[in-house]
Amino acid sequence: MSNIVAIVGRPNVGKSTLFNRMIQRREAIVDSVAGVTRDRNYGKSEWNGREFSVIDTGGYVRGSDDVFEAEIRKQVELAIDEADVILFVVDVEEGITPMDEEVAKLLRKVTKPVLLGVNKVDNAMREKDAVEFYNLGLGEYVTFASTSGSGTGELLDALIDIF
Ligand code: GDP
Ligand code: MG
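Because the structure is a prediction, the values reported are computed rather than measured.

Parameters at a glance
- Residues numbered from 1 in each chain as written.
- Chains lettered and ligands numbered in written order.
- Predicted model: local features only at pLDDT ≥ 70, side-chain atom pairs only at ≥ 80, totals over all residues.
- Helix = DSSP H or I, 4+ residues; strand = E, 2+ residues; numbered from the N terminus.
- Buried ≥ 20, exposed ≤ 12 C-beta atoms within 10 Å, placed from the backbone.
- Contact = placed C-beta atoms within 7 Å.
- Core = buried A, V, L, I, M, F, W, Y, C linked by C-beta atoms within 7 Å.
- Arc of directions from axis to C-beta.
- Near = placed C-beta within 6 Å.
- Nonpolar A, V, L, I, M, F, W, Y, C, P; charged D, E, K, R; others polar.
- Pairing = 2+ DSSP bridges.
- Right-handed = clockwise from strand over helix to strand, strands pointing away.

Asker: Which residues make up the overall build of the protein chain, and what values go with them?
Answerer: Across its full length, the protein chain carries five helices and seven strands. Listed by position from the N terminus, the elements making up the protein chain come as β-α-β-β-β-α-β-α-β-α-β-α. Taken across its 163 residues, the protein chain has 34% of its residues classed as buried. Put simply, 67% of the contacts in the protein chain that link residues at least 6 apart link residues at least 24 apart.

What follows is the structure, encoded as structure tokens:
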């Protein structure tokens, strides 16, 4: 089984909330390195009978914006190496931030498939707000809300189509 999706994005966009929802009722495989270096979670998921692995990146970073940026860059590069599909999560509540633009710049160069996911789309107004993410230059996006689960079925459909 080699379908691996890595969830990347700046802190606080809802990556871990989405990860936990995706691996619901499944065993989370937390890597064994303890403490602050433990910055990735691995889990297994299944949708429409298709199994795949999920990597949640970037949990325990502390420090200045520069440290954040270097760390996120490292996470994205690792994800590009390890994953078959990269799920880039952004947050409609905050809109596009400079860090999102940095990540998008890295991802525009990769040959692996990238799925852009706009999270925190809790209502119809936010659905409209999401159009600004076309400006990231990554094409189409899917919208969802990780906390309620709204739209996450469509997100999983889109992922399965890519595998
Ligand atoms: P991460 O740093 O990217 O892993 O983000 P987290 O999963 O830790 O979530 C950051 C914050 O965003 C938490 O307070 C979540 O409850 C919140 N959040 C996540 N998904 C949603 C959503 O769909 N809607 C709203 N309104 N908040 C969300
Ligand atoms: Mg997290």
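Further notes follow.
Asker: Residues and numbers for the nonpolar core, please.
Answerer: The biggest cluster of nonpolar side chains holds 38 residues, and the ones touching the most others in it are A6, I7, I86 and F88. No other element matches the five residues that strand β5 (residues 85-91) contributes to this core. Ignoring any residue separated from it by four or fewer positions in sequence, one finds A6 in contact with I55, T57, A79, E82, A83, I86 and L87.

Asker: Give a description of helix α1 (residues 15-22) that names residues and reports values.
Answerer: Side chains that are three or four residues apart share a direction in an α-helix, a result of its 3.6 residues per turn. Those residues of α1 not exposed but buried are K15, L18, F19 and M22. Taken end-on, α1 shows its buried residues confined to a sector of 100 degrees, consistent with a single buried face. Residues of α1 that are buried in the fold lie against β1 (4-8), β3 (40-47), β4 (50-57), β5 and β6 (114-119).

Asker: Go over the site of ligand 1, please, and point to the residues and values.
Answerer: As a matter of local geometry, ligand 1 sits amid 14 residues, with G14, K15, S16, T17 and A145 nearest to it. Broken down by element, the shell around ligand 1 gets its largest block of residues, three residues, from α1. When its residues are assigned to classes, the shell around ligand 1 shows three nonpolar, eight polar and three charged.

Asker: Describe the pairing of β5, and please don't skip the residues or the numbers.
Answerer: Within β5, six of the seven residues are buried, leaving the element largely enclosed by the surrounding structure. Looking at chain direction, β1 and β5 are connected through four bridges and run parallel. The partner of V5 across the bridge, within β5, is V85. Sheet topology note: the β5/β6 ladder contains six bridges and is parallel. Directly across from V89, in β6, lies its bridge partner G117. For the segment spanning β5, helix α3 (residues 98-108) and β6, crossover handedness is right-handed.

Asker: Help me get a handle on the environment of V5, residues and values and all.
Answerer: Secondary-structure assignment places V5 in strand β1. Along the primary structure V5 and S150 are separated by 145 residues, whereas in three dimensions their C-alpha atoms are 20 Å apart. Ignoring sequence-local partners within four residues, the contact set of V5 consists of F52, V54, A83, V85, L87 and L159.

Asker: How would you explain unusual backbone geometry if you had to name every residue and give the values?
Answerer: Phi at N12 takes a positive value of approximately 80 degrees, unusual for a residue other than glycine. Relative to the elements of secondary structure, N12 occurs in the loop between β1 and α1. A positive phi angle, close to 50 degrees, is found at N48, a residue other than glycine. Mapped onto the elements, N48 comes out in the loop between β3 and β4. Residue N48 is classed as exposed on the basis of its 8 C-beta neighbours within 10 Å.

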